[in-house]
Structure formats: structure tokens, C-alpha cells
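# Analysis of the macromolecular model
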Amino acid sequence: HTAFSWDNFDMIRMTDAFRVVSSDFQRRSDLWLNDNIMTACLNLFATVPQSTTSRIHFHNSFTSVNLYMAGLRGVQSLRDTALEIAVQTPNFRVMSTKRMTIMLVNLYNDHWYVLVIYPYLKRIDCLNWFSTSAATVKLLSRLLHVYLWAHDFWDDNFSFVASEWVFCVIREGRVPSQLNGRDCGPFSI
């Protein structure tokens, strides 16, 4: 029943694979990638050898969701969750050692897009295949500011001052535009 297995954590089952390629290997008109496929792709990207110049960090596919859910429970919950995520082994001190950190976003379980955090530039780029509302920008900024504060808390070589950071929504035309409601996963990957 397993179609692909990159390691013990990334089991892509046949039902997942059929979302991309049908059982008769005909091209699909829609590419609805579920959480299993997105997580497996992210974990696969994270295994690519890094050079001293690339230094790219890939967040777990649920980082943004965990921050969002904690934020719904209140400020203290968001802070505690941000501190827990920032100190986890794959995320520890990434803001002072990596050139960029990439975070997939799917807050409401209906749309994937990408945040790229540039710690040295103090900049966050939002690459969304649909338009990004002002309310979403405000929410993401709040979540990420608390998350960056958490990195500042654990990492002596990283300092976070919210007023020094900029959140940029990459304007339409500079990123591919999604023409349907299904292709956000492939666009993000």
C-alpha cells in the first residue's frame, strides 16, 4: 500500500500518490496535494546538502498551523508554543546560522503558500498564489513576530526588534498566479 518511502517518517500511501498520478498513469487535471505529500516533500528538501553560501532551513509543514492554533488560545499560549518550536532541534539557532528559512502556510486547511524569512535582511516575503488580505498580513506578522521573539529568547546571536523587520507580500506578476482552487500545493513546493 506504500507508494514511496524516503525514510520511516515519510510514508506516501497509494491513495496519496493517486492525487498526483492516477492509477492508469494518466495526467491529472487537478493536483490536490494532501498533508502527507507536502510533509514528505519538505522533509526531502531538508535532506539536500547545504553549502556555506546556501544555508537554507525548512520548517516543519505544521509550524504555522501550530502557531496559529496557539494564538487562538491566547497570547500566553502563543508565546509558550513559539518558545517550544524555536528550541526544537531542527529549528534551534536557525535565525543566526541560516541565510533563509522557509515556512509553508496552511492556516485554515484550505490553501498552501510560502513565507521566506531572511534573518540577516530582517525581512519576511509572502509568496501567495492568490491575493493576500490585509487581515492575513496582520495575523501572519503577529504570529511571526512572537516566533522571532522566541528565537531571540533562545539564541544569543540573534536579536529581534519588531520595528526593524518588514513583511512583504510579493506582488502579483512576480509569482505564478493560481487559476483554480487545487494547485496551491504544487505551486508552493
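Described in the following lines is the structure provided in the data block. No experiment lies behind these values; they were computed from the predicted model shown.

## Regarding the packing of helix H3 (residues 63-73) against helix H6 (residues 134-154)
- The N-to-C vectors of H3 and H6 enclose an angle of 100°; their axes lie 10 Å apart at closest approach. Relative to H6, the element H3 lies roughly perpendicular. For the pair H3 and H6, the contacting residues are Ser-64, Leu-67, Tyr-68 and Gly-71 in the first and Leu-139, Arg-142, Leu-143 and Tyr-147 in the second.
- Of the residues contributing to the contact of H3 with H6, the split by class is five nonpolar, two polar and one charged.

## Comments concerning the sheet that holds strand E3 (residues 56-58)
- If you walk across this open sheet you meet the five strands as E3-E4-E5-E6-E7, and the pairing is mixed. Whereas interior strands pair on both sides, the edge strands pair on one side only; in this sheet they are E3 and strand E7 (166-169). Taken pair by pair, the neighbouring strands of this sheet meet at an average axis angle of 20°, ignoring direction.
- Two strands pair when backbone bridges link them, and strand E6 (residues 123-127) and E7 are joined in this way by four bridges, in the parallel orientation. By the bridge assignment for E7, Asp-125 is matched with Cys-168.

## Quick word on the packing of aromatic side chains
- In total, this model carries four aromatic pairs according to the counting rule given.
- Consider the rings of Phe-160 and Trp-165, whose centres lie 5.9 Å apart with planes at 55°: the pair is tilted. The exposure classification of Phe-160 matches that of Trp-165, with both residues buried.
- Counting every residue linked through ring pairs, the aromatic cluster contains Trp-149, Phe-153 and Trp-154.

## Remarks on the pairing of strand E4 (residues 100-105)
- With five of its six residues buried, E4 lies for the most part within the structure.
- Two elements, E3 and E4, share three bridges in a ladder whose sense is parallel. Pairing of Ile-56 across the sheet is with Met-100, part of E4.
- Across five bridges, E4 lies against strand E5 (residues 113-118) in antiparallel orientation. Note that in E5 the partner of Leu-104 across the bridge is Val-114.

## A word on the side chain of His-59
- For His-59, the location among the structural elements is in the loop between E3 and H3.
- One polar contact links His-59 to Tyr-147, side chain to side chain, over a distance of 3.4 Å.
- Setting aside residues up to four positions removed in sequence, His-59 forms contacts with Leu-42, Asn-91, Met-95, Thr-101, Ile-102, Met-103 and Tyr-147.

Thresholds, definitions, all that
Residues numbered from 1 in each chain as written. Predicted model: local features only at pLDDT ≥ 70, side-chain atom pairs only at ≥ 80, totals over all residues. Heavy atoms only, no water. Axes fitted to C-alpha atoms, helices over the stretch in contact; angles between N-to-C directions. Helix = DSSP H or I, 4+ residues; strand = E, 2+ residues; numbered from the N terminus. Parallel < 35°, antiparallel > 145°, perpendicular 65-115°, else oblique. Contact = heavy atoms within 4.5 Å. Nonpolar A, V, L, I, M, F, W, Y, C, P; charged D, E, K, R; others polar. Pairing = 2+ DSSP bridges. Phe/Tyr/Trp six-rings, centres within 6.5 Å; stacked < 30°, edge-to-face > 60°. Buried < 20%, exposed > 50% of the residue type's maximum accessible area, 1.4 Å probe, protein only. Polar contact = N/O pair within 3.5 Å; in protein donor to acceptor, adjacent residues only side chain to side chain.

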